[in-house]
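Below, each chain spelled out in residue letters.
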Amino acid sequence: MTETLSPALPDDVESLIDRVLKEACDRGLSLATAESCTGGLIASVLTDVEGRSHAFERGYVVYTNDAKAEELAVPTRLIERHGAVSEPVARAMAEGALRASGAAVAVAVTGFAGTAGPDDEPGLVHFGLAADGAPTVHEEHHFGDIGRGPVRLECLRVALRMMERAVTNR
């Protein structure tokens, strides 16, 4: 169980966190995150389990386009061409986090947790997952205009499921 966020997390999320960290620890794998719309939530829960948090290598909170480019080497032209909330950027964020951290598995999240610009879809989120020796994977989710907190919670579920698949398949 997480220590500080446990009262706020649903049981299924607690279970996912436990399984991801257990598998990573059992296999000697390190984890990294690259987060935009989740603002560090994934990193927070991965460091919140006593005795297993050592599987977490580091996290990047890259909320702005400049941060994505500076911290993760996401090409500015990629962001300009496709937008920060896109499949190519999510993939580049995951690959950049993997490369910069030296972790075995890195997950990335970029999306609109709430109402953004007039042409932006609330609840649209792109996920990328990069792992040593494996192709980078992508998922796109449309959570809808359900509010920032609920979108972030759904992002946490998706990211943890992606990480669980990556660590159990290694």
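Residues numbered from 1 in each chain as written. Predicted model: local features only at pLDDT ≥ 70, side-chain atom pairs only at ≥ 80, totals over all residues. Heavy atoms only, no water.

1. Remarks on helix 1 (residues 11–27)
Where we set the bar: A helix here means a DSSP run of H or I that spans at least four residues, while a strand means a run of E at least two residues long, and both kinds are numbered starting from the N terminus. For a helix, the expected span equals 1.5 Å multiplied by the residue count minus one. Only protein chains enter the accessibility calculation, which uses a 1.4 Å probe. A residue is then buried if its area is under 20% of the maximum for its type, exposed if over 50%, and partly exposed in between. The arc under discussion is defined with respect to the helix axis, by the directions toward the C-beta atoms. Pairs of residues are marked as contacts when any of their non-hydrogen atoms sit within 4.5 Å.
Here helix 1 contains 17 residues, and its C-alpha end-to-end distance of 24 Å stays within 8% of the 24 Å for a straight helix at 1.5 Å per residue. Turning to helix 1, its buried residues are Val-13, Glu-14, Leu-16, Ile-17, Val-20, Leu-21 and Ala-24. All buried residues of helix 1 lie within an arc of 160° about the axis, which places them on one face of the element. Across from the buried face of helix 1, at angles greater than 90 degrees, the exposed residues are Asp-11 and Asp-26. Against the buried residues of helix 1 lie strand 1 (31–35), helix 2 (41–46) and helix 6 (148–168).

2. Some points on the pattern of salt bridges
Our working rule: For this document, the term salt bridge refers to a Lys or Arg side-chain nitrogen within 4 Å of an Asp or Glu carboxyl oxygen.
Overall, the coordinates contain 9 salt bridges when judged by the stated rule. For Arg-58, the salt bridge goes to Glu-57, with nearest N and O atoms at 2.8 Å. The class for Arg-58 is partly exposed, based on a relative accessible area of 33%. Residues participating in the shared-partner salt-bridge network are Asp-12, Glu-154 and Arg-157.

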